[in-house]
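Architecture and fold: a report
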Amino acid sequence: PMSTYFQKIFPPKKRTSKLKDISYFLESNEVEEKYYYRQDKYNYKELSASIKKKETFYQWRRVYVRENKNGVCPTLTANMGTGGHNVPLIKDNDGIRKLTPRECFNLQGFPKTFKFPKEMPNTQLYKQAGNSVTVDIIKKHAEILYKCLIKS
């Protein structure tokens, strides 16, 4: 029966392959100035004191910065476009910045060719990326369900 087969194949085995470095998900072209945290930002002092490494995700946690040492991006939330709490940050050649909407969609597994609706504000794009489900996870679950259905 389907439930017996499901118990054999779920949960799926953990992947053992090495994670891609974060540059795979980042914009390859120049990022607009509006994404950068400069000296005029209220939290610049804390950010610049804590964010030292490239190829690392950081997270602004209201009063301190947390480094994500395992190479995983912090949770993308629907309110990250409004600033404040839990904003994923990186350091690149031009300084400290938040992720762009495109980078957030890249991290969620959308193809880099995915087109955004014209004239959609960044706050809505961040909200959509934060409310999204990771494409690869949905694909894996669909494969498992399909296998169970063809076995029944």
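To keep things clear, this report deals only with the structure shown in the data block. Quantities reported herein were computed from a predicted structural model and do not represent experimental measurements.

Here we take up the sheet that holds strand S2 (residues 65–68). Read across the open sheet, the 4 strands follow the order S2-S1-S3-S4; overall the sheet is antiparallel. Only two strands of the sheet have a single partner each, and these edge strands are S2 and strand S4 (95–98). When strand polarity is set aside, the average angle formed by the axes of neighbouring strands in this sheet is 35°. Direction of pairing for strand S3 (residues 87–92) relative to S4: antiparallel, over a ladder of 4 bridges. In the strand pairing of S4, Asp92 is matched with Gly95.

A few words now on a nonpolar patch on the surface. Taken together, the side chains of Val133, Ile137 and Ile138 present a nonpolar region at the surface, about 260 Å² in accessible area. With respect to the element layout, Ile138 can be found in helix H5 (residues 135–151). Assessed through its relative accessible area of 47%, Ile138 is described here as partly exposed.

Despite not being glycine, Glu55 has its phi angle at roughly 60°, a positive value. Among the structural elements, Glu55 can be located in the loop between helix H2 (44–50) and strand S1 (57–60). Classification of Glu55 by relative accessible area gives partly exposed; the value is 43%. A positive phi angle, near 65°, is found at Glu119, a position not held by glycine. Examined against the element boundaries, Glu119 turns out to sit in the loop between helix H3 (101–107) and helix H4 (122–131).

Rules of the game
- Residues numbered from 1 in each chain as written.
- Predicted model: local features only at pLDDT ≥ 70, side-chain atom pairs only at ≥ 80, totals over all residues.
- Heavy atoms only, no water.
- Pairing = 2+ DSSP bridges.
- Helix = DSSP H or I, 4+ residues; strand = E, 2+ residues; numbered from the N terminus.
- Axes fitted to C-alpha atoms, helices over the stretch in contact; angles between N-to-C directions.
- Patch = residues over 30% accessible without salt bridge, like charges linked within 9 Å, V, L, I, M, F, W, Y side chains within 5 Å.
- Areas by Shrake-Rupley, 256 points an atom, 1.4 Å probe, with all protein chains shown as cover.
- Salt bridge = Lys/Arg side-chain N within 4 Å of Asp/Glu carboxyl O.
- Buried < 20%, exposed > 50% of the residue type's maximum accessible area, 1.4 Å probe, protein only.

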